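Residue-level listing of the chains:
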Amino acid sequence: MKPVKKRIGLIVNPIAGIGGRVGLKGSDGREALRKARELGGKPESPKRAKEALLRMASIKHELDILTYPHEMGEDEARECGFEPIVIGSIKKGETTSEDTKSAARDMAEARVDALLFAGGDGTARDIYDAIGGRLPVIGIPAGVKIHSAVFAINAQSAGDLVMMFLREPAELWEAEVMDVDEEAFRRGLLSTKLYGYLKIPYQDRLFQGPKRGSIAGERSSMNGIAEYFAEEIEDDYLYIVGPGTTTRAIHERLGLPKTLLGVDVIRDRQIVASDVNENQILRLVCDKKAKILVTPIGGQGFIFGRGNQQISPDVIKKVGKEHVIVVATGHKMASLGGRPLLVDTGDDETDDMLSGYIRVITGYRQELVYRVGLGKCF
Amino acid sequence: MRNERSLLKQNYHAAAWNEPIIMQMGRKGERGILVPEAEEEIKEVVGDVLSRIPTDLRRTEPPKLPEISQPQVVRHFLRLSQMCLGTDLNIDIGQGTCTMKYSPKVNEYLARLPDISELHPLQDEETVQGILEIIYKFAGFLSEISGMDKFTFQPGGGAQAIYTNACIIRAYHAARGESQRDEIITTLFSHPADAATPATAGFKVITLMPDENGYPDLEALKAAVSKRTAGMMITNPEDTGIYNPRVREYVDIVHEAGGLCSYDQANANGILGICRAKEAGFDMCHFNLHKTFSSPHGCSGPGCGAVGVRDYLEKFLPVPVVEFDGEKYHIVYERPFSIGKVRSFLGNIPVVLRAYAWVMSLGPDGIRDVAEVSVINNNYLAKKLSQVSGIGMSYPKAKCRLDQIRYSWEQLRRETGVGTEDVRRRVVDFGVQSYFESHHPWVVPEPFTPEPTETYSKDDIDEYAEILRYISQEAYVSPDTVKNAPHKSTITRIDERILNDPKKWAMTWRAYLNKRHSWDSQGQ
Amino acid sequence: MARTRRQVAHPYIPNSVAKTKEEMLDEIGVSDVSELFSGIPNELRFKGVLNLPKPLLSEYILRRHVEGLLSKNKSCKEYLNFLGAGCWQHYVPAVCDEISSRAEFLTAYVGDTYSDLGKYQALFEFQSMMGELVGMDVVSAPTYDWASACSSSLLMAARITGRSQVLIPRVVNPEKLWHMRNFFRSTVDIEVVEYDHETGQLDLEDLEKKISSKTAAVYFENPSYLGFIETHAAEISRIAHAHGALSVVGVDPTSLGILAPPSEYGADIVCGEAQPLGVHMNYGGGLCGFIASRDEEQYVAEYPTFLISIAPTRRAGEFGFGWCTHERTSFYKRERATDFTGTTQCLWGISAAVYLALLGPQGLRDLGESIMERSHYAMKVISEIDGVKAPMFSSVVFKEFVVNFDAAGKSVRDINKGLLRHKIHGGKDITREFPELGNSALYCVTEIHTKEDIDRLASALKEVLK
């Protein structure tokens, strides 16, 4: 019996990465784009998309590529020798984020096996807005801003990942979608928000083939962390719990609900308040004993200042560094490749206080002592 | 003519007997060996003994063992042995951290003499004076080599030895009323057993990450120590082959905090006679006699993790210990502070015997030669590999590489899509053992870790380097050849997914018979 | 350097030839080997020459030297041996020695299936045949010894049940108990169950009293440490299961040709010692533990040891093997009772596989029968000696039995010293292990003991007790 061909959706955000070389922070918004073009910016995404596609050349005949016209994938696919099935329509040379969204929706509708996209945080967010976690996605990093954890290490790896995904069914894993908080941005603050989670095929290049970690292993280390935390939790302390799947596992262990994208406060193993903002936290802490529980958010290893800004410099200062608890699976820590954890709270004094070394709980009675660096430049 | 000899064994092919599983062999009624039947007189006296077993405890169905004649059993296992690439058969440079060196045949001969193989571990000490003398004297050798004061050979392998050291640390603090010390510090590039076994011994484990040059982060250590520090358990040189020259500072920091320091010297090949645990300030250490001291690895044991401690920790050693009163050797059990037992009896003593004979054959100069030559071999291989495309050395700035080096195929993978697991399968096609990549996690991407011990000649190393050079070239020209390897092995690629699938895995033939229908979709 | 170094090329070290060294150093780009060690600070260097004996450079002299030392031993080949208690003297077929001496197996280590297929297959066959003996679908690759297999099995039970107490019979090798105490520390509590002093059997009333919803496992052995068959095996398992605990059974595999497999009387996990299967005692170095269980995901996930699974390959009809590396899943609180593995005793697993293949089902039955006939004969002739009682318990004995010398007027220690003069290693002195059994020793008789040997023991005992 001839196996059914797998279908991969391909979306290239044709302008992603255009601002990078010319010193702009992203290409979202018409004005920025115009400026980038004026300054002679060239998009990164076509090149990166092709790098990924070339990697898949050897299985050309084993899959169908479903894509949008022209620069949104068709051109790249053809240049790499694929014969894509082209759907949808665009205004050539004038695509917007709406096109990315409709492409994603069409591909979900067409039930492709996975969606390969080239772009940056904005692109990831568009896809998330359009289809949520309906499809497994693989991100080709091509944008200026890459805070989201949905991207492969580089374009080639994204291609390899598609190959792997086609050969054997992969388990799916939630990865953070992060982007600049536009509201905050308009107020003159550069702040990155956690928007949600996309599903990516779980890949583990840190372990040898058959010993490769699986999601069960990842869950198991999360459970270990949760178990350890549940043993060590102290009464009378307020715990300010940041967003993330690892902190969610701790809440699950305690039998409490967790706001996945927001900050919750617990005390004596009970929820005190859910999805709180900075002011609410400050009011709750007041003069009480408190601890902060966070996990690195996104692909860069930020523990403060990306996706959990509710835990503000004032909150951190009030609680104190010695009461900051960082949790992360060993796999997540290893995937930082030796780079430090980062803080960028927007307040230099707080950042300096947090930098240095911090203990990270990675499993049941397992900890790392890990470097914390300043994340401003990221 | 040697220069014209091709370095590559291009025409090699592994034995591929396609042997059946033994459970499929033989015919009903065949016998491989007959058991000595009890004499008639005995039978007459005791009668039908089996009828005395309570009915519900009698075996009704004979075990479904195969029924095979002796020649077929011999042939089967000889064929299996031919499909196993022992160190004696190949240039076993690839299995770094394992110290695959030559195990002298004369030592094997000695270890199989009835004067050791037919000793019962509970024999009266009067009747084992010879072996006790060897144990005692060899402990003395290790004391000299390490600077530690007392050794035990009870642990059956490296992991069990590290566990023993963790137990000693626990007992030490308990004896001082400091049981709150419940944290062991280790480093990411120490052997994983330095983290796993203290956990079994009840400790919290704190791991230090490497700094940008591959050394354990000294500042992190300073941040890690506290009143809860029980000890530090590390290797040096680490897994990466990097020797940490500031090790004494690390030890001092832990000592100042009140902890003990345990030196994992499973593999000490590069520093024998060069530097010792004592001068670096360690309180305890262990050597793997099946690595550095040449006892064969036996498909993973029997081995021996010899544990050595300073005099102030002697009383905690597992029981029994061997003592000498000037005339006779004694097996001493009365030791109130002992951690008890980690393994039955005295451990794998034939391993100690082989190691004893090995040291006796080398003497002080020979031991130093072992270190020097293995370090020369390693640096020579490094030189050769630096000329191979696609290979990078981890942490190239770290200066002192002793007996092994962790390399990376990351560049090769980026440029060709061929990664370390592919190369690992491909080397087998040239008649060498699949290499060791790295312990987990793979902080060095696409890793491999060769360790050319003193066993390998210059020609051997040249051949090994040539194999890697050839495969690298192949990866650039026809990557699929490497990706689909092996081509000349005993078998073709295994479907590894089954190994993690509860519906399909089978650890016994009987389980396979139950599950084989679920394999159908998988090409069987 | 002050001292002059020997210039002999050592046979084990090809590149100890001075000229080769020079060539290689040249290529590396250093002029002296000391430069390669320059990263080791001076204060850490060992100064001077190691105080080790001068080398015995010729193989002949080395061999003479070691043989000389070993000849001071009085092995069980030279003396008659009746010691067992955790390490047993059985006949080791020549084929077992042949295979375990093969350099291919002897010098292999942790290579992949593609280079070491034979090792994987031999160990898979070990697992498979052990599975038939104990009636279980999952068997581990060899672990260190029975003591560690037992401790690990009980920790598995603790993780599987999420409970933290195990019940251990009083009649168990104290060394094993010692091992457990060290291994479990505070994570698992050990409660000891008493035995019936008449029969030796586990005291079921005491078991019922001590078992509770905290109990993770009830452990017992068949045959027991003191040699008798535990007749209430099914009942013990039933009681364990009734309280939600697992039944963990330790076995001597030489008994399994005639005794029911533990799976038939309710065992959930089986552990034991494979040394009697074709491995020399090796002064205790022949031990080789194993663990077995049902083929359920939650059991497999908790094995601390290696497990080899058979697997298909790309070629139809071809078998491959690999480590079953199932990630430990989220079963309750496994974190608390952690375990580890490493280099164990795998070579002996291969010997055991050869042994079982040679014996086959009939051989294993013959073995059990022969052992039992001889041990029963030995008990009979020994008990005919004045002041000697054998066996001490009324239960049926397999290959070991307690001999009581209370009425003989001499301590076991003195008796054993006396036997040594007759070139006999008497049974293990258990007077301190089990003071309630008085002046007693644990004797072991196997298929290697001829009638003549046993009669010789009896007459020597008579002599000694005179």
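Because the structure is predicted, anything quoted here is derived from the model rather than measured. (Residues numbered from 1 in each chain as written. Chains lettered and ligands numbered in written order. Predicted model: local features only at pLDDT ≥ 70, side-chain atom pairs only at ≥ 80, totals over all residues.)

## Things to note about unusual backbone geometry
Phase 1 of the analysis: Along the chain, Val-319 of chain B connects to Pro-320 of chain B via a cis peptide bond; the corresponding omega equals -5°.
Phase 2 of the analysis: Within the secondary structure, Pro-320 of chain B is located in the loop between strand E7 (305-309) and strand E8 (321-324).
Phase 3 of the analysis: Note that the residue after Ala-390 of chain C, namely Pro-391 of chain C, is joined by a cis bond; omega there is -5°.
Phase 4 of the analysis: Relative to the helices and strands, Pro-391 of chain C resides in the loop between helix H11 (346-383) and strand E11 (400-404). (Helix = DSSP H or I, 4+ residues; strand = E, 2+ residues; numbered from the N terminus.)

## Some thoughts on the domain arrangement of chain C
Phase 1 of the analysis: The domain boundaries assigned to chain C delineate domain 1 (14-69), domain 2 (80-89 + 361-465) and domain 3 (94-355).
Phase 2 of the analysis: Centre-to-centre, using C-alpha coordinates, domain 1 of chain C lies 44 Å away from domain 3 of chain C. (Domains from an automatic or database assignment.)

## Here's the deal with the pairing of strand E9 (residues 308-312) of chain C
Residues and elements named next belong to chain C.
Phase 1 of the analysis: Burial of E9 is extensive: 5 of the 5 residues sit out of reach of the surface.
Phase 2 of the analysis: What you see with E9 is no split at all: Ile-308, Ile-310 and Pro-312 on one side and Ser-309 and Ala-311 on the other are buried throughout.
Phase 3 of the analysis: Between E9 and strand E10 (residues 319-323), which pair antiparallel one after the other, the connecting turn spans 6 residues, and Gly-317 there sits at a positive phi close to 85°. (Buried ≥ 20, exposed ≤ 12 C-beta atoms within 10 Å, placed from the backbone. Pairing = 2+ DSSP bridges.)

## Some thoughts on the interface of chain B and chain C
Phase 1 of the analysis: Counting residues at the interface gives 179 residues for chain B, matched by 173 residues for chain C.
Phase 2 of the analysis: A per-element tally of the side of chain B that touches chain C places helix H10 (residues 349-385) of chain B first, with 23 residues. (Contact = placed C-beta atoms within 7 Å.)

## Topic: the packing of H11 of chain C against helix H13 (residues 451-465) of chain C
Helix packing geometry: the angle between the two helix axes and the distance between the axes.
All names here are of chain C.
Phase 1 of the analysis: As a packed pair, H11 and H13 sit with axes 10 Å apart at the nearest point and diverge in direction by 25°. Between H11 and H13, the crossing angle belongs to the class labelled roughly parallel. Crossing of H11 against H13: the hand is right-handed. Together, Arg-374, Tyr-377, Ala-378, Val-381 and Ile-382 of H11 and Ile-454, Asp-455, Ala-458 and Leu-461 of H13 make up the contact between the two elements. (Axes fitted to C-alpha atoms, helices over the stretch in contact; angles between N-to-C directions. Parallel < 35°, antiparallel > 145°, perpendicular 65-115°, else oblique. Left-handed = near helix turned anticlockwise from the far one by under 90°.)

## Some thoughts on the confidence of the model for chain C
All names here are of chain C.
Phase 1 of the analysis: Residues of chain C with pLDDT of at least 70 account for 96%, and the chain-wide mean is 94.
Phase 2 of the analysis: For residues 328-335, every residue scores under 50 in pLDDT, and the model assigns this stretch 22 contacts once sequence neighbours within four places are set aside.
Phase 3 of the analysis: Interface confidence for the predicted complex, given as ipTM, is 0.97, next to a pTM of 0.92. (pLDDT = per-residue confidence, 0-100.)

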